Amino acid sequence: TTEGEGGALPALSATIFALQAEASRRGLHVDAVAVGIPAILDPDTGRAVEGPALDWQDFEIVGHLRAMLDAPFLVENDANLAALAHAWRGDARGLRDFVTVVMGAGIGAAVVANGRLVKGRHNAAGELGYLLTSREQLHALRLGQATETGEPPGGYGGLEKLAASRSIASRAIALMAAGAATSMAGQPMTPGLIFSAAAAGDPVARRIIEELLDDTALALAAVTAIVDPEVIILDGVIGRSLRPYLTDLAARLTGRLPAIPRLCVSGLGPNATVVGAIAAALQLARERAAPSALFGAFTVSGRVERDA
């Protein structure tokens, strides 16, 4: 959740105050701040919306940051910042067409086409977690029925209900409840446990990974058919865990598309969003220091501005 004890706002506040204190201790001035969020930033209101996996719904993040910060700041979707990191220091250096897919507690993506980040009217381009992957899922969402794989009915998040962390853990629990024998019984169900058990040959874990690969391949095929990227970078705790299965993913795409993008796992590890935030903050600081800023050419509102 965003607020309350243990929520995102207290954690964000504590992080900002700690960094400010460290900068002060070193005698450094904070010139710019960049914040990544696991949600969409509404371009009209500056509110964080549609982050169901972590309950980021209608959250007044820009207002909170204005109250906390004296320095200019920007707010951006975490997948978009990860894409910026890969263009700057990661797996997409020198590329004009690539997609970063972040798979973890939620699922999102950032699409870079012809060297530009695609954002859309509502800053919602690349929200891959909402992609519907089957007719069954379409009708289940519409009629309020659970599907055979056990994901709950209603709401948003077609792919997210199949391939996010909580979803694959729930799938494992459902299979065990149905009587499937597994070495994972009696243990806290996490994606890490499932991937480890699959590597050891556990039949339930292997079944879950095969389903995950199918669902992921359907999503990657849709992305490839629409934007034709040169590379798709898999990131997030689940995306990075798919490293041993890249050949299996590519095989699921082969023969079904005019061209297959190169698939890779993030070379930046879990730090892509942080690296992207550093790049964005550096850019913001440079633009604020430019002579044109004196004439009002660049106004910091904390919102992600759309291109004219």
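Caption draft 1: Highlighting the nonpolar core. Ranked by size, the top nonpolar core spans 42 residues in total, and within it Val101, Met184, Ile194, Leu212 and Leu242 carry the most contacts. For this core, the elements supplying multiple residues, two or more each, are β5 (98–103), β6 (107–113), α6 (165–177), α7 (191–199), α8 (203–227), β8 (231–235), α10 (246–253) and β9 (262–265). With 10 residues, α8 is the single largest residue contributor to this core. Not counting residues within four places of it along the chain, the set of residues in contact with Leu212 comprises Met103, Ala163, Ile168, Phe195, Ile238 and Leu242.

Caption draft 2: Geometry of the packing of aromatic side chains. Tallied over the full model, the rule gives one aromatic pair. Both rings, one in Phe195 and one in Tyr245, keep their centres 6.4 Å apart while their planes meet at 50°; by these two values the pair is tilted. Residue Phe195 is located in helix α7, and its partner Tyr245 is located in the loop between α9 (236–241) and α10; the two are separated by 50 residues in the primary sequence. On the basis of relative accessible area, Phe195 is assigned to the buried category, the value being 8%. Just above the ring of Trp88 sits the side chain of Arg89; from NZ or CZ to the centre is 4.2 Å.

Caption draft 3: Structural detail: helix α2 (residues 61–68). Listed as buried for α2 are Ile61, Val62, Leu65 and Met68. Considered in projection along α2, the buried side chains sweep an arc of 125° and stay on one side of the axis. Here the buried face of α2 lies against α1 (8–25), β1 (33–37), β2 (40–41), β3 (48–49) and β4 (73–77). Measuring from the backbone nitrogen of Gly63 back to the side-chain oxygen at the start of α2 gives 3.3 Å, which picks out Glu60 as the cap.

Caption draft 4: Geometry of the side chain of Asp215. The residue Asp215 is located in helix α8 in this model. The side chain of Asp215 sits in the buried core without any salt bridge; Arg171 is the nearest counter-charge, 8.0 Å away.

Caption draft 5: Broad picture of the confidence of the model for the protein chain. With 84% of its residues at a pLDDT of 70 or more, the protein chain shows a mean pLDDT of 86. Low pLDDT (under 50) marks residues 293–308, which in the prediction has 35 contacts with non-local residues, meaning those over four places away or in another chain.

Caption draft 6: Inspection of a nonpolar patch on the surface at higher detail. Taken together, the side chains of Trp88, Val274, Ile278 and Leu282 present a nonpolar region at the surface, about 330 Å² in accessible area. Top element by residues in the nonpolar patch is helix α11 (residues 272–289). It accounts for three residues. Within the fold, Ile278 resides in helix α11.

Caption draft 7: The arrangement of the side chain of Thr224 in detail. Structurally, the position occupied by Thr224 is in helix α8. Looking at Thr224, the relative accessible area reads 5%, which means it is buried. Separated by 2.8 Å, the side chain of Thr224 and the backbone oxygen of Leu220 make a polar contact. Look past the residues within four positions of Thr224 in its chain and what remains in contact with it is Pro229, Ile232, Leu257, Ala259 and Pro261.

Caption draft 8: Fine view of the pairing of β4. In terms of burial, β4 is a largely internal element, five of the five residues being buried. Across the two faces of β4 the burial is the same, with Phe73, Val75 and Asn77 and Leu74 and Glu76 all buried. Alignment of β1 against β4, held across five bridges, turns out to be parallel. Of the residues in β4, the one forming a bridge with Ile37 is Asn77.

Caption draft 9: Fine view of unusual backbone geometry. Positioned with a positive phi, Asn114 is a non-glycine residue whose angle comes to about 55°. Of the residues examined, Asn114 reaches a relative accessible area of 56% and is grouped as exposed.

Caption draft 10: Structural view of the environment of Ala200. Here Ala200 lies in the loop between α7 and α8. C-alpha of Ala200 to C-alpha of Ser183: the two residues are 17 residues apart in sequence and 9.6 Å apart in space.

Caption draft 11: Local environment of the sheet that holds β9. One open sheet accounts for five strands, arranged β7-β6-β5-β8-β9; its pairing is mixed. The sheet is open, and its two edges are formed by β7 (116–117) and β9, each paired on a single side. The pairing of β6 with β7 spans two bridges and is antiparallel. If you follow Ala113 over to β7, its bridge partner there is Arg116. Packing against the sheet, helix α3 (residues 78–88) makes contact with β5, β6, β7 and β8, and its axis sits at approximately 45° to β6. Along the sheet, α8 contacts β5, β6, β8 and β9; its crossing angle with β5, the most-contacted strand, is approximately 150°.

Each value, and the rule that gives it
Residues numbered from 1 in each chain as written. Predicted model: local features only at pLDDT ≥ 70, side-chain atom pairs only at ≥ 80, totals over all residues. Heavy atoms only, no water. Core = buried A, V, L, I, M, F, W, Y, C linked by side-chain atoms within 4.5 Å. Buried < 20%, exposed > 50% of the residue type's maximum accessible area, 1.4 Å probe, protein only. Helix = DSSP H or I, 4+ residues; strand = E, 2+ residues; numbered from the N terminus. Contact = heavy atoms within 4.5 Å. Phe/Tyr/Trp six-rings, centres within 6.5 Å; stacked < 30°, edge-to-face > 60°. Lys NZ or Arg CZ within 6 Å of the ring centre and 35° of its normal. Arc of directions from axis to C-beta. Polar contact = N/O pair within 3.5 Å; in protein donor to acceptor, adjacent residues only side chain to side chain. Lys, Arg positive; Asp, Glu negative; His and termini not counted. Salt bridge = Lys/Arg side-chain N within 4 Å of Asp/Glu carboxyl O. pLDDT = per-residue confidence, 0-100. Patch = residues over 30% accessible without salt bridge, like charges linked within 9 Å, V, L, I, M, F, W, Y side chains within 5 Å. Areas by Shrake-Rupley, 256 points an atom, 1.4 Å probe, with all protein chains shown as cover. Pairing = 2+ DSSP bridges. Axes fitted to C-alpha atoms, helices over the stretch in contact; angles between N-to-C directions.

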